[in-house]
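Examination of the molecular architecture
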Amino acid sequence: MIQPTIDAPGYPAEFAERYRAAGYWRGETFGQMLRERADRHPDRVAVVDPTGTAHGEEARRWTYGELDARADRMAAGFLAHGIGKGDRVVVQLPNVAEFFEVIFALFRIGALPVFALPAHRDTEIRHFCAFTEAAAYIVADVAEGYDYRVLAGRIRADVPTLRHVFVVGEPGEHTALADVPADPVVIEDAPAPHELAFLQLSGGSTGVPKLIPRTHDDYLYSLWGSNEICGVDEHSVYLCALPAAHNFPLSSPGTLGALYAGARVVLAPRPSPDVAFPLIEREGVTLTGLVPPLALVWTEAAAAGEHDLSSLDVLLVGGAKFSEEAARRVRPALGCTLQQVFGMAEGLVNYTRLDDPEETIVTTQGRPISPDDEIRVVDDADEDLPPGATGHLLTRGPYTIRGYWRAPEHNAASFTADGFYRTGDVVRLTATGHIVVEGRAKDQINRGGEKVAAEEIENHILAHPSVHDVAVVSMPDDYLGERTCAYVVLREEAEPVRSVAIRKFVRERGLAAFKVPDRVEFVDAFPQTGIGKVSKKDLRAAIAARLREPAVAATQH
Ligand code: AMP
Ligand code: DBH
């Protein structure tokens, strides 16, 4: 058994040998990859960051040579601050160029970025820092009106392992990231390709988010495999419109795929058409990735015809199910090829192929990257179903993890004994091997690509003194696909509580805003299943029926 670290199960030796022999794992690290690209084409632009243009500044353009040199200097600075191999560093940055300087510096010294999202607040960040015993936390000063330095101050007071807070911009009480770089040093004990590169987050279905350990070898394969399928080469220009740390814009093929190909990454501070369309026009963007609600907004906005989007060849849409009707509108509205992508931070990524028939593109969520991605569709007893039947998707392969980080008890439930990951997705396969996502067995709400674990929100609501019991379920929504509805049973002796009070209570516990329930319904008791469990199926049906009543639907938002 190869152990990337003692903290997570690695790939069994026979599989690692197979993946190497097949040429999937190329024995390269992220640090080496960037160096090789910088040696080959130092003057080609790697990253364009237009953040300052809002204040009349020029966009920043870092070449491959510059990014490489910056990563070296930042790596030396981190080492000088006592951050070294195996240390965890929580990275919570908006879409700025420093994101890449930081993560490549960490990759080079073998410290592990933990990829937080800008939306995360005290509860999530405290958990990431405490659970990973992080040595450092890296934030922006202020982004989208939120002061991350204040958040960092609170986290630092709570988490004793956290030795440093580095801030992009004005540091306040912390250390400016700009003061960290130092003269490059020879890095002793650089990471090996089979070792861990970073910890990615799972949308999850449990009380706290789980961490996903990815190796250099396996993730780099998912990048070049994606590049081949998405037609990414050195002429490509990838617009990073979603939050850069998310697995989809990071790797499918994403910013890191683009850098792998020697292409150009353009960072969008926000994904809205008013920000993204001028960038597409000005920078000649050729591909980008969006979640379904944004893809809908883009197709509508493109009709205005105010911007020349003709450089755009490919629009990737994934993170949640893209409806067939919406999918059909992409090519006429944006003049590009739609590529559906059904992926997960745990590994497996599926794409429709650029030359698939239009019907396949609009009606399926694609097929796996690798010939060695093993796909099983099974029933509740893990028995394989006949071809074409709908069931649970299990998967194993050259870039899918064998276990979460420091979570042996979850791993026993989330993986089969022979190492298949239980995705929690309910799918069927077409005759061509394309996957159609039909539903979900995991207790999660997919709010337009943002995943909400029901149990996590239930735990927070249960902390309310008037709440006796709670069940969080999805409700249908035209725009996001799903929103969250919390069914609440109040304590008998409790004063009446209004739904706004429940929502406010959750928000004030310091959670990402997308996790605050969209709706709260009060009931006397929950419907039960045959064996006396809460029937979430019945609750979902009840709220869906209620929303179909015209008066209710109109007041929903
Ligand atoms: P995570 O494990 O948090 O990275 O989230 C991955 C999950 O997002 C998958 O297991 C699916 O449930 C969902 N997902 C991602 N892409 C799609 C898609 N194109 N269609 C339907 N569900 C998707
Ligand atoms: O939802 C996801 O996590 C996701 C979607 C598309 C993903 O991780 C990916 C592509 O790589």
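Residues numbered from 1 in each chain as written. Chains lettered and ligands numbered in written order. Predicted model: local features only at pLDDT ≥ 70, side-chain atom pairs only at ≥ 80, totals over all residues. Heavy atoms only, no water.

As annotated in an unreviewed UniProt entry, the protein is 2,3-dihydroxybenzoate-AMP ligase from Streptomyces cinnamoneus. According to UniProt, the comment filed for the protein under the heading Pathway (unreviewed entry) is "Siderophore biosynthesis." Per UniProt, the comment on the protein under Sequence similarities (unreviewed entry) is "Belongs to the ATP-dependent AMP-binding enzyme family." (UniProt positions renumbered as here; feature names shortened; annotations may be inferred.)

1. Some remarks on the packing of aromatic side chains
Per the counting criterion, the structure on display carries 23 aromatic pairs. Seen from their ring centres, Tyr-24 and Tyr-221 are 4.6 Å apart, and the 25 degrees between their planes marks the pair as stacked. Of this pair, Tyr-24 sits in the loop between helix H1 (13-21) and helix H2 (30-40) while Tyr-221 sits in helix H7 (residues 216-230); the two residues are 197 residues apart in sequence, bridging distant segments of the chain. We note that Tyr-24, like Tyr-221, is buried. Feature note: the residues Phe-30, Phe-99, Phe-100, Phe-104, Phe-107, Phe-115, Phe-198 and Tyr-219 constitute an aromatic cluster, connected by ring pairs. The positively charged end of Arg-26 is found above the aromatic ring belonging to Trp-224, 3.6 Å away from the centroid. For Arg-402, the ring lying beneath its charged end belongs to Phe-15, and the centroid distance is 4.5 Å. (Phe/Tyr/Trp six-rings, centres within 6.5 Å; stacked < 30°, edge-to-face > 60°. Helix = DSSP H or I, 4+ residues; strand = E, 2+ residues; numbered from the N terminus. Buried < 20%, exposed > 50% of the residue type's maximum accessible area, 1.4 Å probe, protein only. Lys NZ or Arg CZ within 6 Å of the ring centre and 35° of its normal.)

2. Thoughts on the nonpolar core
Counting residues in hydrophobic clusters, the biggest one holds 125 residues, and the most contacted among them are Phe-30, Phe-78, Phe-99, Phe-100, Phe-104 and Leu-239. The dominant element in this core, judged by the number of residues it contributes, is helix H4 (residues 98-109), at nine residues. Every residue in contact with Phe-30, bar those within four places of it in the chain, is listed here: Phe-104, Phe-107, Ala-197, His-216, Tyr-219, Leu-220, Leu-223 and Leu-256. Counting residues in each nonpolar core, the second largest holds 26 residues, with Ala-8, Leu-162, Val-165 and Leu-196 among its members. (Core = buried A, V, L, I, M, F, W, Y, C linked by side-chain atoms within 4.5 Å. Contact = heavy atoms within 4.5 Å.)

3. Remarks on the pattern of salt bridges
Counted according to the given criterion, the structure contains 45 salt bridges. The residue Glu-438 makes a salt bridge to Arg-428 at a minimum N-O spacing of 2.6 Å. Of this pair, Glu-438 sits in strand S22 (residues 435-440) while Arg-428 sits in strand S21 (residues 421-429), placing them 10 residues apart in sequence. The class of Glu-438 is partly exposed, set by a relative accessible area of 41%. (Salt bridge = Lys/Arg side-chain N within 4 Å of Asp/Glu carboxyl O.)

4. Thoughts on the pairing of strand S1 (residues 45-49)
Judged by how many residues are buried, S1 sits mostly within the fold: five of five residues are covered. The pairing of S1 with strand S2 (residues 60-63) spans four bridges and is classified as antiparallel. Across the sheet, the residue bridging to Val-48 is Arg-61, located in S2. (Pairing = 2+ DSSP bridges.)

5. Thoughts on the sheet that holds strand S13 (residues 264-267)
Taken together, the nine strands give an open sheet; going across it, the order is S2-S1-S13-S12-S14-S15-S16-S17-S18, and neighbouring strands pair in mixed fashion. Only two strands of the sheet have a single partner each, and these edge strands are S2 and strand S18 (367-368). Two strands pair when backbone bridges link them, and strand S12 (residues 237-240) and strand S14 (residues 287-290) are joined in this way by two bridges, in the parallel orientation. Residue pairing in the sheet places Leu-239 in a bridge with Thr-288 of S14. Strands strand S15 (314-318) and strand S16 (337-344) of the sheet are contacted by helix H12 (residues 324-334), whose axis makes an angle of about 135 degrees with S16. (Axes fitted to C-alpha atoms, helices over the stretch in contact; angles between N-to-C directions.)

6. Some thoughts on the packing of H2 against H4
Where H2 meets H4, the closest approach of the two axes is 7 Å, and the angle between their N-to-C directions is 120 degrees. As the angle between them shows, H2 and H4 are arranged oblique. Together, Phe-30, Gly-31, Met-33, Leu-34 and Arg-35 of H2 and Phe-104, Phe-107 and Arg-108 of H4 make up the contact between the two elements. Of the residues in the contact of H2 with H4, the class split is five nonpolar, one polar and two charged. (Parallel < 35°, antiparallel > 145°, perpendicular 65-115°, else oblique. Nonpolar A, V, L, I, M, F, W, Y, C, P; charged D, E, K, R; others polar.)

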